[in-house]
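The lines below spell out each chain.
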Amino acid sequence: MGALDRKLLRDIGQSWHMLLAISAIIAAGIGCFVGMMSAAQNLEYARSNYYSSCRLADFWIDLKKAPVQEVKRLTAVRGISEIQERIQFRVLLDLPGTEKPIGTMVISLPDEAESIINNIIIRTGTYFTHGRANEVIIAEKFAHARNIKPGDSISAILNNQRKELIVVGTAISAEFVYMVSPGSMIDDPGTYGLMYIKQSFAEDTFGFHGACNSVVGLLAPEAQQEVESIVNTLSDRLESYGVFMGVPRSEQFSPMVLDAEMTQLKNIAFIFPSFFLVVAALVLNVLMVRLAEQQRTVIGTLKAIGYGNKALMFHFLKFAATAGFAGGILGCFLGYWLGAAITKMYMEYFTFPQLSNIFYPLLSLAGMFVSIVFSMLGTLKGVRHIMQMEPAEAMREAAPQVGGAVFLEKIHLFWQNLDAQWQMILRGLLRNKGRTAVAVFSAVMGSSIVVLAFGAVDSMDEMIHLQFERVLRSDYHLTFQNEMSHAAFDEIRRLPGIVHAEPVVILPCTFQVGNHSKRGAIMGITGNGELTCPLDENGDAVSLPATGLLMTDRLMERLGISAGDFVDVLPVKGERSIHKLPVVQGISSMLGLVVYADYNWLNAVLGREKVVSEVRVLAAHSAAGKRAFMERVRAMPGLETLTDLGEQKQALNRQMDRAMRSSVLIMILFAAVIFFGAILNGTMVAISERRREMATFRTMGYFENEVARLFLRENLVTNVIGTLIGLPIGYWILTLTMQAFVTDAYSFPAKLKPVSYVYTMACAVLFVFMSQVIVRRTLRKQNWVEALSLKE
Amino acid sequence: MSTSHVLMKLENVHRTFQVGEVAVHVLRGVDLDVYAGELLLIQGESGSGKTTLMNMIGGIDQPSQGTISFEGEEISKFGDRRLTQFRRDQVGFVFQFYNLVPTLSALENVATATEIAENPMDPAEALDLVGLSERLNHFPSQLSGGEQQRVAMARAIAKRPKLMLCDEPTGSLDRENTTKILELLQKINQETDTTVVMITHAQTMRQMANRIAIIGDGVIDRVILNENPVPARELVW
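Residues numbered from 1 in each chain as written. Chains lettered and ligands numbered in written order. Predicted model: local features only at pLDDT ≥ 70, side-chain atom pairs only at ≥ 80, totals over all residues. Heavy atoms only, no water.

K.L.:
Help me understand the overall build of chain A in this model?
P.N.:
A tally of regular secondary structure across chain A gives 24 helices and 20 strands. Burial statistics for chain A: of 792 residues in total, 56% are counted as buried. Summarising the internal contacts of chain A: among those between residues at least 6 apart in sequence, 81% fall at separations of at least 24. For chain A, the exposed surface amounts to about 33,600 Å²; the carbon and sulfur share of it is 59%. (Helix = DSSP H or I, 4+ residues; strand = E, 2+ residues; numbered from the N terminus. Buried < 20%, exposed > 50% of the residue type's maximum accessible area, 1.4 Å probe, protein only. Contact = heavy atoms within 4.5 Å. Areas by Shrake-Rupley, 256 points an atom, 1.4 Å probe, with all protein chains shown as cover.)

K.L.:
Before we go on, may I ask you to explain the side chain of glutamate 203 of chain A in this structure?
P.N.:
All names here are of chain A. By the secondary structure assignment, glutamate 203 is in helix H5 (residues 199-206). One buried charged residue, glutamate 203, remains without a salt bridge, the closest side chain of opposite sign being lysine 72 at 9.7 Å. Every residue in contact with glutamate 203, bar those within four places of it in the chain, is listed here: Ile87, Phe208, His209 and Gly210. (Lys, Arg positive; Asp, Glu negative; His and termini not counted. Salt bridge = Lys/Arg side-chain N within 4 Å of Asp/Glu carboxyl O.)

K.L.:
Would you take a moment to explain the interface of chain B and chain A for this structure?
P.N.:
It is common to report an interface's size as the accessible area lost on association of the parts. At the interface, 26 residues of chain B touch 25 residues of chain A. Each partner contributes to the roughly 2,000 Å² buried at the junction of chain B and chain A, and carbon and sulfur atoms together form 60% of this total. It is Ile60, Asn99 and Thr103 of chain B that lose the most area in chain B upon contact with chain A, and together they represent 24% of the buried surface on that side. The interface formed by chain B and chain A holds two salt bridges in total. A salt bridge links arginine 6 of chain A to glutamate 108 of chain B, with the nearest nitrogen and oxygen atoms 3.5 Å apart. Counting across the chain B and chain A interface gives eight residue pairs in polar contact (both at pLDDT 80 or more). For the side of chain B that touches chain A, the elements supplying multiple residues, two or more each, are helix H2 (80-90) and helix H3 (106-114) of chain B. Residue classes in the side of chain B that touches chain A are distributed as twelve nonpolar, six polar and eight charged. (Buried area = accessible area lost by both parts, 1.4 Å probe. Polar contact = N/O pair within 3.5 Å; in protein donor to acceptor, adjacent residues only side chain to side chain. Nonpolar A, V, L, I, M, F, W, Y, C, P; charged D, E, K, R; others polar.)

K.L.:
Is there a simple way to explain H5 of chain A in this structure?
P.N.:
Because each turn of an α-helix spans 3.6 residues, side chains separated by three or four positions in sequence point in the same direction. Residue and element names in this part refer to chain A. Counting buried positions over the eight residues of H5 gives six, a clear majority of the element. Among all positions of H5, only Gln199, Phe201, Ala202, Glu203, Thr205 and Phe206 are buried. In this structure, the buried residues of H5 make contact with strand E2 (80-86), strand E3 (88-94), strand E4 (102-109), strand E7 (153-158), strand E8 (161-173) and strand E9 (193-198). With its phi angle positive at about 65°, glycine 207 sits one or two positions after the end of H5.

K.L.:
Would you explain unusual backbone geometry in this entry?
P.N.:
With glycine set apart, most residues show a phi of negative sign, and most peptide bonds adopt trans. Residues and elements named next belong to chain A. Not every positive phi belongs to a glycine, and asparagine 147 is a case in point at roughly 55°. As for its position among the elements, asparagine 147 is in the loop between helix H4 (140-145) and E7. Overall, the relative accessible area of 51% leaves asparagine 147 in the exposed class. Positive phi outside glycine occurs at asparagine 159, with the angle close to 50°. In this structure, asparagine 159 sits in the loop between E7 and E8.

K.L.:
Mind showing me how you'd approach the nonpolar core here?
P.N.:
The tendency in soluble globular proteins is for nonpolar side chains to be buried as a group. Residues and elements named next belong to chain A. Grouped together as the largest cluster of nonpolar side chains are 164 residues, with contacts concentrated most on Phe272, Phe276, Phe350, Phe352 and Tyr596. The biggest single contributor to this core is helix H20 (residues 645-689), with 20 residues. For phenylalanine 352, the residues in contact, after removing those within four places along its chain, are Leu43, Ala46, Arg47, Tyr50, Arg123, Ile172, Val177 and Leu258. Of all hydrophobic cores here, the second largest spans 44 residues; its members include Met556, Ala597, Leu602 and Phe629. (Core = buried A, V, L, I, M, F, W, Y, C linked by side-chain atoms within 4.5 Å.)

K.L.:
It is not clear to me how the pairing of strand E19 (residues 611-619) of chain A should be interpreted in this structure. Could you clarify?
P.N.:
For a regular strand, side chains alternate in direction, first toward one face of the sheet and then toward the other. All names here are of chain A. Taking burial as the measure, the nine residues of E19 include eight buried ones, the bulk of the element. The pairing of strand E12 (residues 476-485) with E19 spans six bridges and is classified as antiparallel. Looking at the pairing, histidine 477 lines up with arginine 616 of E19. (Pairing = 2+ DSSP bridges.)

K.L.:
Explanation requested: the sheet that holds strand E9 (residues 211-216) of chain B in the structure shown.
P.N.:
Note: strands within a sheet are paired through backbone hydrogen bonds, in either parallel or antiparallel orientation. Residue and element names in this part refer to chain B. Pairing in this open sheet of six strands is mixed, and the strands run E6-E7-E8-E3-E9-E10 from one edge to the other. The strands lining the two open edges of the sheet, one partner per strand, are strand E6 (91-94) and strand E10 (219-225). When the angles between neighbouring strand axes are averaged without regard to direction, this sheet yields 20°. Judged from the five bridges that link them, strand E7 (residues 163-167) and strand E8 (residues 195-199) form a sheet pairing that is parallel. Of the residues in E8, the one forming a bridge with methionine 164 is valine 196. Sitting on the sheet, helix H1 (residues 50-58) is in contact with strand E3 (39-44), E6, E7, E8, E9 and E10, with an inclination near 160° to E7. (Axes fitted to C-alpha atoms, helices over the stretch in contact; angles between N-to-C directions.)

K.L.:
Can you help me understand the packing of aromatic side chains in this one?
P.N.:
The geometry of an aromatic ring pair comes down to the distance between the two centres and the angle between the two planes. Residue and element names in this part refer to chain A. Overall, the coordinates contain 18 aromatic pairs over all chains when judged by the stated rule. A ring pair is formed by tyrosine 476 and phenylalanine 629, whose centres lie 5.4 Å apart and whose planes are at 40°; its orientation type is tilted. Here phenylalanine 629 lies in helix H19 (residues 623-634) and tyrosine 476 lies in strand E12, a separation of 153 residues in the sequence. For the pair shown, tyrosine 476 and phenylalanine 629 are each scored as buried. An aromatic cluster is defined as three or more aromatic residues linked by ring pairs; in this entry it consists of Tyr178, Phe253, Tyr346 and Phe350. Its guanidinium or amino end placed over the ring of phenylalanine 208, lysine 65 lies 4.7 Å from that ring's centre, counting from NZ or CZ. (Phe/Tyr/Trp six-rings, centres within 6.5 Å; stacked < 30°, edge-to-face > 60°. Lys NZ or Arg CZ within 6 Å of the ring centre and 35° of its normal.)

K.L.:
What is the right way to look at a nonpolar patch on the surface in this model?
P.N.:
Residue and element names in this part refer to chain A. A contiguous nonpolar surface patch, about 380 Å² in accessible area, is contributed by Phe369, Val373, Leu377 and Leu380. Of the residues forming the nonpolar patch, the biggest block, three residues, is contributed by helix H10 (residues 361-377). Tracing the backbone shows leucine 377 in helix H10. Judged by its relative accessible area of 37%, leucine 377 falls in the partly exposed class. (Patch = residues over 30% accessible without salt bridge, like charges linked within 9 Å, V, L, I, M, F, W, Y side chains within 5 Å.)

K.L.:
Can you help me understand H2 of chain B in this one?
P.N.:
Leu83, Thr84, Phe86, Arg87 and Gln90 of chain B are the residues of H2 of chain B that are buried. Angularly, the buried residues of H2 of chain B cover 160° about the axis, an arc narrow enough to put them on a single face. (Arc of directions from axis to C-beta.)

This is the structure:
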């Protein structure tokens with residue numbers, strides 16, 4: 001090892017605590033990057049295995065009823081490699097111990113196990129046996145939540161007939177990696193079920209002999225790009241059988257959610273770590289400039305005895321690379337752990353046969369590379385400083401800092417009321433502009449992360465508040481399988497335990513404007529109704545127009561229209577004629593691309609008798625009233641789902657508690673790393689630079705804590721200012737983050753409660769005081785007498 | 001000295017420093033020859049430009065005007081790379097405040113020079129020459145001022161330079177240590193034929209030099225020739 005490398009090792013030994021602080025910041029950044037990317041890759045790996053082993057369909061077509069023979073013929077369509085027909089219905093389950101009937105999706109499977117599209121994987125029990133017609137296989141998660149086991153029998157209302165079903169097994173399917181009840185957003189496994197029944201049993205029960213209402217298919221590899229047009233072709237061919245919906249895999253709910261989640265995760269994996277890496281590079285710059293300044297005589301001497309700029313540059317680069325290397329290694333370990341934690345969290349929402357945390361060497365290499373690159377960036381200023389030093393000049397003592405008045409001194413009233421210590425602190429901060437800027441910037445980044453953490457919770461709270469207290473004010477939604485006459489509404493309105501009810505008609509349709517088109521639905525609600533209250537983007541109530549549509553802003557953007565424009569509406573059921581309807585105003589919707597119209601007007605537009613698709617009710621809160629209501633609901637014919645909004649809200653809140661709070665804690669810890677790292681480094685540099693000054697104070701009779709207070713005040717000034725700037729910046733990042741999370745299915749409002757601003761500031765101040773403990777210890781270790789006689 | 005060839009030649013060397021808005025003219029036309037193998041003293045008042053002149057000779061600074069040649073090659077035209085190479089190959093420096101790397105031991109400090117030289121001594125041998133063979137692994141903070149300066153000298157001679165430049169090498173030392181350092185310098189000068197250029201305030205040291213260049217107000221006032229240099233041990237203080 002060369003002498004210069006020995007010097008390097010000892011320099012590292014002397015500055016290890018500062019390097020460690022910087023490494024910790026880098027590690028936090030690289031940890032986030034590696035962790036999030038690992039989790040995304042874990043998901044991707046599990047997904048691709050699962051999809052291919054289950055032979056997940058490339059497209060789905062839902063229709064009213066089509067002859068199997070007709071469907072089989074579709075195999076001849078160019079690009080189709082395999083077609084499968086099935087029968088699927090939404091039914092109600094009656095489980096012992098629950099008052100409420102539970103909405104459940106029923107899908108038919110071949111009587112005997114064979115390789116089909118959307119294969120299931122049996123987890124407990126068996127596939128159907130030959131013995132009984134009424135055997136069912138239940139989705140594992142639902143079975144688990146409801147404590148249903150093979151051998152149990154359950155009661156369900158299938159096609160308005162109560163049937164006893166025998167559970168033979170539990171299973172999972174790639175088609176339902178993520179499953180929520182219709183109209184919900186959060187997976188609450190006990191509240192919505194999925195079960196598979198024998199094909200023959202389905203045909204008998206639903207009267208579907210030789211017919212199907214669901215078509216799934218696989219495409220030839222070369223036709224994958226043309227999935228949209230193939231789905232359109234198939235939908236056209238089947239049109240006379242009442243096609244409700246034809247979607248490619250990318251638009252099918254579960255694959256879409258999974259895909260969006262992975263994309264978001266990968267995006268964040270690139271954005272979030274950059275906070276840390278930029279701070280680390282800046283803080284490292286401060287350290288390197290100080291190191292270069294501290295070693296100017298040594299550098300000058302080495303240059304004088306013949307070391308070139310290149311050799312010295314590498315020497316200092318190696319010093320910084322140590323921080324990058326250590327940070328990278330720590331980050332990879334942290335990332336592996338974080339990847340496991342995120343993956344574990346996903347396992348709660350997504351169902352995979354196997355989802356495990358894998359170590360990705362290439363990802364770790366990339367992490368190492370990035371951390372070393374950023375540490376190199378962190379040396380730029382210091383190295384430039386070194387390169388520019390002329391040996392002759394470098395060996396002379398550095399000229400004393402230019403010590404003119406700072407601008408604050410011109411504000412006499414302010415300046416003269418400060419004590420000498422404050423004047424010294426403010427002068428120091430203003431003269432070391434670069435370093436002060438780095439300290440402030442680090443606090444901006446740190447506090448932005450804290451804001452982001454609190455903001456995520458506040459935004460979710462706000463979303464729950466808006467959705468369940470402002471927009472949807474009902475207790476239950478009763479959704480029918482098919483549209484019912486208005487009389488059905490009157491019947492429900494008079495049920496015991498109902499305080500108030502409003503009818504809703506839902507018109508599934510395609511919206512079209514020029515080249516833009518989007519599948520969706522219009523919801524006809526009661527004008528001046530109490531149970532459904534559309535809001536605008538400011539959260540103010542929007543009154544329902546007597547004619548025309550209220551459309552979610554996101555959908556208007558998608559269609560490229562604004563208020564006052566007309567949109568073509570093509571119903572997917574019934575008479576397929578185009579209606580040209582005016583869009584009156586934009587609204588904001590957190591759940592889906594909602595479009596509202598007046599109930600009576602919408603029915604009139606369709607030119608038919610008034611029909612209802614759903615009834616929204618406010619129920620009596622007495623136990624007896626509720627029981628009476630549920631009893632009647634269970635026996636209600638044609639009911640598809642009963643949505644309990646209270647239960648949904650609780651589920652959301654539970655999920656918040658589970659997932660959000662722990663991520664908030666982790667984010668605040670990460671922010672603390674930035675605060676600590678920057679504060680400690682800045683203060684250590686300041687101490688080393690001002691040893692003689694501090695020694696003079698001590699000689700003059702200052703107590704240790706008085707000297708320490710100078711640094712405390714300095715850190716308070718930079719961090720409070722940084723946090724004050726960080727609050728709006730954090731809020732801005734929160735807004736961008738929430739926008740990034742927007743999909744057709746969800747949008748989140750960006751909300752930061754006033755108290756969260758206070759919490760963020762409190763965190764920043766707390767971090768300053770906590771780092772003061774280490775500052776005090778460092779000060780205590782200083783040899784003041786030596787510092788006094790120190791030759792710089 | 002007349003028999004020796006000119007190792008270094010300075011012609012009309014000027015050096016101006018810009019201090020704020022004021023241009024300080026430190027050297028105003030220095031003409032000086034440095035002969036191979038001589039021990040040349042540079043003396044002058046504080047601020048007369050001694051150190052600046054020394055820096056020019058050692059190639060750690062460049063003249064604003066004029067030429068400096070080393071063995072006929074004009075080093076004042078050199079860019080940073082060649083100048084660095086010149087220092088690396090030809091020059092050994094000894095400074096008043098030793099300028100040792102505090103985190104390296106005596107041996108390692110010498111190694112900083114030997115590792116980049118063409119034909120260096122063994123660092124231990126160099127330290128032996130300055131009488132520090134017992135203190136190879138001591139760090140600067142564990143050495144006395146005189147010892148630190150001897151390490152600095154070992155660092156300078158270890159790469160066998162043609163030219164050794166000493167800026168007040170005994171400025172921070174007591175009489176005893178000063179004598180030891182001067183003896184060493186003389187020994188190096190005489191035994192290894194290394195040219196030594198030394199800045200000093202001490203008039204006494206004129207007795208041991210071959211020539212004394214007196215600098216005043218940025219120019220060489222006069223050059224005094226000393227036909228019979230005395231050994232450092234015999235200097236009368």
